[in-house]
Amino acid sequence: MKTKELETVPSQQKHENKDFKTEIIQKVCCPNCGSKCERHYICERQICRTSCANCDYLMINCTRTGKVIEAYAPGIYASK
Ligand SMILES: [Zn+2]
């Protein structure tokens, strides 16, 4: 007799938690345009996200290694 392999495995799919569980928000100055922007520390994912609404600057760092995960600054890539 075969062992039943197709068990009802609970879904491993985790939904992106939109709740601000462990997020620290710090007011910083935008390194690109100098205006006030916010730095979000998402402790759960060990990342730090700095985004500026004024100039679309974006920087995502790993808080553990300091490594840049994603960075975008208008003006840097747009060469005229
Ligand atoms: Zn800015």
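See the structure above.
A. Main features of the sheet that holds strand β4 (residues 58–62). With antiparallel pairing, five strands are arranged side by side in an open sheet as β1-β2-β3-β4-β5. Each edge of the sheet is formed by a strand with only one pairing partner; in this case those strands are β1 (23–29) and β5 (68–72). Across the sheet, the mean angle from the axis of one strand to that of its neighbour is 15 degrees, orientation sign disregarded. Note: strand β3 (residues 47–51) against β4, five bridges, orientation antiparallel. The residue of β4 that forms the bridge with Cys48 is Asn61.

B. Layout of the coordination of the zinc ion. At the metal site, the zinc ion is ligated by Cys30 (SG), Cys33 (SG), Cys52 (SG) and Cys55 (SG), and these contacts range over 2.2 to 2.4 Å. Relative to the metal, the four donor atoms surrounding the zinc ion lie at angles of 107 to 112 degrees, and the coordination shape comes out tetrahedral. Mapping the donors of the zinc ion onto the primary sequence yields the spacing C-x2-C-x18-C-x2-C. Taken individually, Cys52 and Cys55 each receive the classification buried, so the pair is uniform in this respect.

C. Broad picture of the pattern of salt bridges. Tallied over the full model, the rule gives one salt bridge. As a salt-bridge pair, Lys27 and Glu38 come within 2.9 Å of each other at their nearest N and O atoms. Remark: Glu38 occurs in strand β2 (residues 36–42) and Lys27 occurs in strand β1; sequence separation between them is 11 residues. Using a relative accessible area of 65% as the deciding quantity, one classes Lys27 as exposed.

Analysis parameters
- Residues numbered from 1 in each chain as written.
- Predicted model: local features only at pLDDT ≥ 70, side-chain atom pairs only at ≥ 80, totals over all residues.
- Heavy atoms only, no water.
- Pairing = 2+ DSSP bridges.
- Helix = DSSP H or I, 4+ residues; strand = E, 2+ residues; numbered from the N terminus.
- Axes fitted to C-alpha atoms, helices over the stretch in contact; angles between N-to-C directions.
- Donors = N, O, S within 2.8 Å, 3.2 Å for Na, K, Ca; no water.
- Tetrahedral: all angles 85-135°; square planar, octahedral: opposite > 155°, others 65-115°.
- Buried < 20%, exposed > 50% of the residue type's maximum accessible area, 1.4 Å probe, protein only.
- Salt bridge = Lys/Arg side-chain N within 4 Å of Asp/Glu carboxyl O.

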